[in-house]
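Structural overview
Residues per chain are reported as follows:
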Amino acid sequence: MLRSLRSVSTSALLLIMLLGLSPVAEASYATIKTTLGTIVVELDDAKAPISVANFKMYAKEGFYDKTLFHRVIPGFMVQGGGFDHHGAYPQTMHKKPGAKAGIKNEWTNGEKNKRATLAMARLGNQPDSATNQFFINLADNDFLDQPRDGAGYAVFAKVIGGMGVVDKIAGVPTTQLPNGMGDVPTQPIMIESIAFVTKAEADKAIVADAQARVDALQAQLDAAKKALEDLKKGGE
């Protein structure tokens, strides 16, 4: 029986090789811990293998640790992964050295720039220029799927927990720096670390995020009740 199973497995692998196919990759998961909370993402290893491998490489090297969400545009997206600062913020903000060569743009993988998706940031008119920076869509940005400059923007992951944290980032006021760089948050919003987790660990993080939101709402409700009680006592 065991020999028969091995034979079937070997035959299947040979068929895959002969057809030029690759075994379907399972999704992987990551937690992005920021100064405003934790974001849980599901990485699309199957449809965006190059972009996911690139993201994992930078994360595992610790490159993203202490980098900033340096560009925030409400109703559009929040972008990070490529800048840090040393000293007064935002005056000392600068591109973090260590970016590697650009990667192939996977914008034709079928994934769309919908709300809560992560996509690779790149230079205009340079489709294969994405390196370390990525952005999280705050809305359905369908125009980013169109090849306006020869290509669209490659989606490689989606937020499955902590979208409230992303919206909180989007709510931070922004400013323009003397060097002309705009949409810069007035307070540093930092990626503290990125960890790769199992599906079970991702689910646990999502539950923890949901519980935190429930606790926050309960605290607001309790505060409102107390304020109402104080108001009633004052009127007696």
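Some words on the sheet that holds strand β12 (residues 190–197)
Pairing within the closed barrel is antiparallel, and its eight strands lie in the order β1-β2-β9-β7-β8-β4-β3-β12. Between one strand and the next, the sheet's axes are offset by a mean angle of 35°, whatever the strand orientation. In this sheet, β12 lies alongside strand β3 (residues 67–73) in antiparallel orientation, the contact comprising two bridges. In the sheet register, leucine 68 faces β12, and the bridge partner there is methionine 190. Packing of helix α2 (residues 49–60) onto the sheet brings it into contact with β1 (28–34), β2 (37–43), β7 (117–120), β8 (134–137), β9 (155–161) and β12, and relative to β12 it is tilted by some 115°. This element, helix α3 (residues 163–170), spans β1, β2, β3, β4 (77–80), β8 and β9 of the sheet and lies at about 120° to β2.

Focus: the pairing of β7
A two-sided burial pattern is seen for β7, the buried positions comprising Thr117 and Ala119 on one face and Leu118 and Met120 on the other. Judged from the three bridges that link them, β7 and β8 form a sheet pairing that is antiparallel. For methionine 120, the partnering residue across the bridge sits in β8 and is phenylalanine 134.

Conventions we followed
- Residues numbered from 1 in each chain as written.
- Predicted model: local features only at pLDDT ≥ 70, side-chain atom pairs only at ≥ 80, totals over all residues.
- Heavy atoms only, no water.
- Pairing = 2+ DSSP bridges.
- Helix = DSSP H or I, 4+ residues; strand = E, 2+ residues; numbered from the N terminus.
- Axes fitted to C-alpha atoms, helices over the stretch in contact; angles between N-to-C directions.
- Contact = heavy atoms within 4.5 Å.
- Buried < 20%, exposed > 50% of the residue type's maximum accessible area, 1.4 Å probe, protein only.

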